[in-house]
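Fold and contact review
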Amino acid sequence: MEAPLLYTVDLFGTAIFAVSGVLLAGRLKMDPFGVIVLASVTAIGGGTIRDLSLGATPVFWIKDTTYIWVILVTCLLTMLVVRRPKRIAWWVLPVCDAIGLAAFVGIGVEKSLIYQSSGLIAIIMGVITGCGGGIIRDVLAREVPMVLRSEVYATACIIGGAFQTSALSFGFSRSEAFLSCVISVLVIRLAAIRWHLSLPTFAIHK
Amino acid sequence: MEAPLLYTVDLFGTAIFAVSGVLLAGRLKMDPFGVIVLASVTAIGGGTIRDLSLGATPVFWIKDTTYIWVILVTCLLTMLVVRRPKRIAWWVLPVCDAIGLAAFVGIGVEKSLIYQSSGLIAIIMGVITGCGGGIIRDVLAREVPMVLRSEVYATACIIGGAFQTSALSFGFSRSEAFLSCVISVLVIRLAAIRWHLSLPTFAIHK
Amino acid sequence: MEAPLLYTVDLFGTAIFAVSGVLLAGRLKMDPFGVIVLASVTAIGGGTIRDLSLGATPVFWIKDTTYIWVILVTCLLTMLVVRRPKRIAWWVLPVCDAIGLAAFVGIGVEKSLIYQSSGLIAIIMGVITGCGGGIIRDVLAREVPMVLRSEVYATACIIGGAFQTSALSFGFSRSEAFLSCVISVLVIRLAAIRWHLSLPTFAIHK
């Protein structure tokens, strides 16, 4: 996978995560700038926590403001177009989200390895990049974060990150390793969406 | 605007934001140190996120502990004095808050430009400095953050930041640019408080 | 106190804080990876905020992944063993938590002083290291953070940190200062648990 394609997928992921923030803001009846804030934390929150933890400051969206512009344009378009989310087929958003998630995990692992992290830390950074934004979004909207409860979401990130770091340690190229991550996250998420898969939950009865 | 005056306004903003944290802690019946924690995150939370994102570490309140002392004294005085908030005229706190907000936005923009940020990032840092603390305060108190929903709060920050960065790019001095930000945030917030202005909200009906 | 013993106590604190995350995740019926996320933020959240604020990046668990392994093993064991928390005597967890807390506060103060902080900042870093993780855990679980309300929790951290920094400034060795912090936090917390001590709360009636 070449760098320009990777960058494009990253921006696509940013846009689709922003859309999920806009939709939640709409349900909470926020004003336009509340919408932008919620879209932004969803789209760049995970990568921001990753960069802060690695010490990669200033964080990525300060170095390259393209991410911010993508979010602003996405907010504008979504608010203009999506007045009736019912008209969108139910699977469109989850599938787009799966594509964005797959890209984010792979990018998190990649970036982490640039900073000489171990494989374990690389997987964790992939999970943070993929899940962090959604967790902050849900906290701001006063919900127990969806990704902690449902449909093998964090699980898909962990497995994808494990594939990518394993592939690298077996001598595959960075592009091949990245691709193995994207494909495994996508397959797991799409299967989970299609058949409503989830792991058994851990429940304590008081 | 000269540096000592700017610093004074900054400390005034810190104190008034701390008061808003104390009042919320009082409604939640927290113990004295819970009160200090809530006051602190409100007063220095936004600036902390700004400094972390810019890579300006250690963060400002570690470099200059005056901010912490202002918060501690404010907490003590507020807990001693404000047992009956009803006696305070309703407009006192919002007006003080508007003054603090105006100072915080201008300071966020200024500090961001010192770190060579673009105009867009400077505006974002102004918004984060002004709104970040209040958002963390509301999350800890389990409320959907007020600033995302009401009365052109984030909007005032964005417009103030835009004035300041525009003024700088048109060749005005840093003091004049700072003043243009403070005045525009103040005017917008005071007008919003006086006439209960708000932007139309973006609502999605499921 | 020698370094290996300190490190052991730190890892013990990490494990016991992870257990408290697992138990909350179990009450919220999270899936296994949600459990790991909640255990992790509880165990390393406070230290992460401390390291970020000090500019000590990459954060400690990236530099030494032992902390992560301790959390993973703790999660596995807890999920296998603790199906029936009722069988555990009620005081076991709070007492373990008090030991972990005492270690975390002392370590936060120590680490802060390595970065040339003042005594005030060192105390604050002790409080953040001890209380930060529990606050994030409660926010993710949608509760008003317990430590802001109950049984002299933050208070114990402040007093412990004050003992440690005072001891250092009176010329005691680092080990003695650390020990004075651990003992004071332990005594206060155990007394608070035994006799249900709490500070008078600050309440505002609207």
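Residues numbered from 1 in each chain as written. Chains lettered and ligands numbered in written order. Predicted model: local features only at pLDDT ≥ 70, side-chain atom pairs only at ≥ 80, totals over all residues. Heavy atoms only, no water.

Chain A carries the name Glycine transporter domain-containing protein in an unreviewed UniProt entry, which gives Vibrio marisflavi CECT 7928 as its organism. As its UniProt record puts it under Sequence similarities (unreviewed entry), chain A is described as follows: "Belongs to the UPF0126 family." Recorded in UniProt under Subcellular location (unreviewed entry), the annotation for chain A is "Cell membrane". (UniProt positions renumbered as here; feature names shortened; annotations may be inferred.)

Moving on, we come to the interface of chain A and chain C. Contact with chain A, which involves 31 residues of that partner, is made by 33 residues of chain C. Of the roughly 2800 Å² buried at the junction of chain A and chain C (both faces included), carbon and sulfur atoms supply 74%. Our count for the chain A to chain C interface comes out at 0 salt bridges. For the pair chain A and chain C, the number of links is 1 residue pair in polar contact (both at pLDDT 80 or more). When residues of the side of chain A that touches chain C are traced back to their parent elements, those giving at least two are α2 (32-54), α6 (119-140) and α7 (153-169) of chain A. Grouping the amino acids of the side of chain A that touches chain C by side-chain chemistry returns 20 nonpolar, 7 polar and 4 charged. (Contact = heavy atoms within 4.5 Å. Buried area = accessible area lost by both parts, 1.4 Å probe. Salt bridge = Lys/Arg side-chain N within 4 Å of Asp/Glu carboxyl O. Polar contact = N/O pair within 3.5 Å; in protein donor to acceptor, adjacent residues only side chain to side chain. Helix = DSSP H or I, 4+ residues; strand = E, 2+ residues; numbered from the N terminus. Nonpolar A, V, L, I, M, F, W, Y, C, P; charged D, E, K, R; others polar.)

On the chain A side, the residues contacting the 31 residues of chain B number 33 residues. In total, chain B and chain A occlude about 2800 Å² of area from one another, counting both sides; carbon and sulfur atoms represent 74% of this. In terms of surface lost to chain A, no three residues of chain B exceed B:Leu148, B:Phe202 and B:Ile204, which account for 29% of the buried area on that side. If you look at where chain B meets chain A, you find 0 salt bridges. Listed by contribution, the elements that provide at least two residues to the side of chain B that touches chain A are α2 (32-54), α6 (119-140) and α7 (153-169) of chain B. Considering every element that reaches the side of chain B that touches chain A, the biggest residue donor is α6(B), with 7 residues. In the side of chain B that touches chain A, the residues fall into 20 nonpolar, 7 polar and 4 charged.

Moving on: the packing of α2(A) against α6(A). Residue and element names in this part refer to chain A. One way to put it is that α2 packs onto α6 with a least axis distance of 7 Å and a crossing angle of 135°. Here α2 lies oblique to α6, going by the angle between them. Handedness of the crossing formed by α2 with α6: right-handed. Residue-level inspection shows Leu 38, Val 41, Thr 42, Gly 45, Gly 46, Gly 47, Ile 49, Arg 50, Ser 53 and Leu 54 of α2 in contact with α6, the latter providing Met 125, Ile 128, Thr 129, Gly 132, Gly 133, Gly 134, Ile 136, Arg 137 and Leu 140. Class assignment for the residues of the contact of α2 with α6 results in 8 nonpolar, 9 polar and 2 charged. (Axes fitted to C-alpha atoms, helices over the stretch in contact; angles between N-to-C directions. Parallel < 35°, antiparallel > 145°, perpendicular 65-115°, else oblique. Left-handed = near helix turned anticlockwise from the far one by under 90°.)

The next thing to look at is the packing of aromatic side chains. Geometry of an aromatic ring pair is reported as the spacing of the ring centres plus the angle between the planes. Tallying each qualifying case throughout the model produces 9 aromatic pairs over all chains. When the ring of A:Tyr7 is compared with that of A:Tyr67, the centres are 6.3 Å apart and the planes differ by 90°; the resulting orientation is edge-to-face. Taken as a pair, A:Tyr7 in helix α1 (residues 3-27) and A:Tyr67 in helix α4 (residues 66-81) lie far apart in primary sequence, 60 residues in all. According to the relative accessible area criterion, A:Tyr67 is buried, its value standing at 7%. Cluster of aromatic residues (ring-pair linked, three or more members): A:Tyr7, A:Phe60 and A:Tyr67. The residue whose ring lies beneath B:Arg50 is B:Phe60, and the NZ or CZ to ring-centre distance is 5.4 Å. (Phe/Tyr/Trp six-rings, centres within 6.5 Å; stacked < 30°, edge-to-face > 60°. Buried < 20%, exposed > 50% of the residue type's maximum accessible area, 1.4 Å probe, protein only. Lys NZ or Arg CZ within 6 Å of the ring centre and 35° of its normal.)

Residue and element names in this part refer to chain A. Given a rise of 1.5 Å per residue, 22 residues ought to cover 32 Å, and the 31 Å separating the end C-alpha atoms of α6 matches this to within 8%. Along α6, the helix axis deviates most sharply at Cys 131, where the bend reaches about 45°. A positive phi of about 65° marks Arg 142, the residue just after α6. (Expected span 1.5 Å × (residues − 1). Bend = angle between axes of the 7 residues up to and from the residue.)

Before going further, it helps to examine the relation of the copies chain B and chain A. With an RMSD of 0.0 Å, the fit of chain B onto chain A corresponds to turning through 120° and sliding 0.0 Å along the axis. Both chain copies can therefore be described as sitting about a three-fold axis. In this assembly, only 10% of the residues forming the interface of chain B have copies in chain A that are likewise at the interface, indicating a heterologous arrangement. (Least-squares fit on C-alpha atoms with pLDDT ≥ 70 in both.)

This part takes up the UniProt feature "domain: Glycine transporter" (unreviewed entry) in chain A. According to UniProt, the positions carrying the feature "domain: Glycine transporter" (unreviewed entry) are residues 8-81 and 95-163 of chain A. End C-alpha to end C-alpha, residues 8-81 of chain A measures 23 Å, and it is 85% helix and 0% strand.

Attention shifts here to the pattern of salt bridges. What the rule picks out here adds up to 12 salt bridges over all chains. Note that A:Asp138 is salt-bridged to A:Arg137, the shortest N-O span being 3.0 Å. For the pair shown, A:Asp138 and A:Arg137 are each scored as buried. Two residues, B:Arg50 and B:Asp51, come together in a salt bridge whose shortest N-O distance is 3.0 Å. Judged by relative accessible area, B:Arg50 falls into the buried class, the value being 3%. B:Asp51 sits in the buried class, given a relative accessible area of 0%.

To continue, consider the relation of the copies chain A and chain C. In screw terms, the move from chain A to chain C is a rotation of 120° and a rise of 0.0 Å along the axis, fitting with an RMSD of 0.0 Å. The overlap is low: 10% of the interface residues of chain A also sit at the interface in chain C, so different surfaces are used on the two sides.

The next thing to look at is the nonpolar core. Counting 184 residues, the largest nonpolar core has A:Trp61, B:Trp61 and C:Trp61 as its most contacted members. The greatest single-element share of this core, amounting to 11 residues, is contributed by α1(A). With sequence-adjacent residues up to four places away left out, B:Trp61 is seen in contact with B:Ile44, B:Thr48, B:Tyr67, B:Ile68, C:Ser53, C:Ile121, C:Ile124, C:Met125 and C:Ile128. (Core = buried A, V, L, I, M, F, W, Y, C linked by side-chain atoms within 4.5 Å.)

Moving on to the side chain of B:Asp10. With respect to the helices and strands, B:Asp10 occurs in helix α1 (residues 3-27). The side chain of B:Asp10 sits in the buried core without any salt bridge; B:Arg50 is the nearest counter-charge, 6.8 Å away. (Lys, Arg positive; Asp, Glu negative; His and termini not counted.)

It is worth spelling out the environment of A:Ala192 at this point. Among the secondary structure elements, A:Ala192 is positioned in helix α8 (residues 174-195). Put simply, A:Ala192 and A:Val19 are 173 residues apart on the chain and 21 Å apart in space, counted from C-alpha to C-alpha.

All names here are of chain A. At their nearest, the axes of α7 and α8 sit 8 Å apart, and the two run at 155° to each other. As the angle between them shows, α7 and α8 are arranged roughly antiparallel. Where α7 crosses over α8, the two elements pack in a sense that is right-handed. For the pair α7 and α8, contact is made by Tyr 153, Ala 156, Ile 159, Gly 160, Gly 161, Phe 163, Gln 164, Ala 167 and Leu 168 and by Arg 174, Ala 177, Phe 178, Ser 180, Cys 181, Ser 184, Val 185, Ile 188 and Arg 189, respectively.

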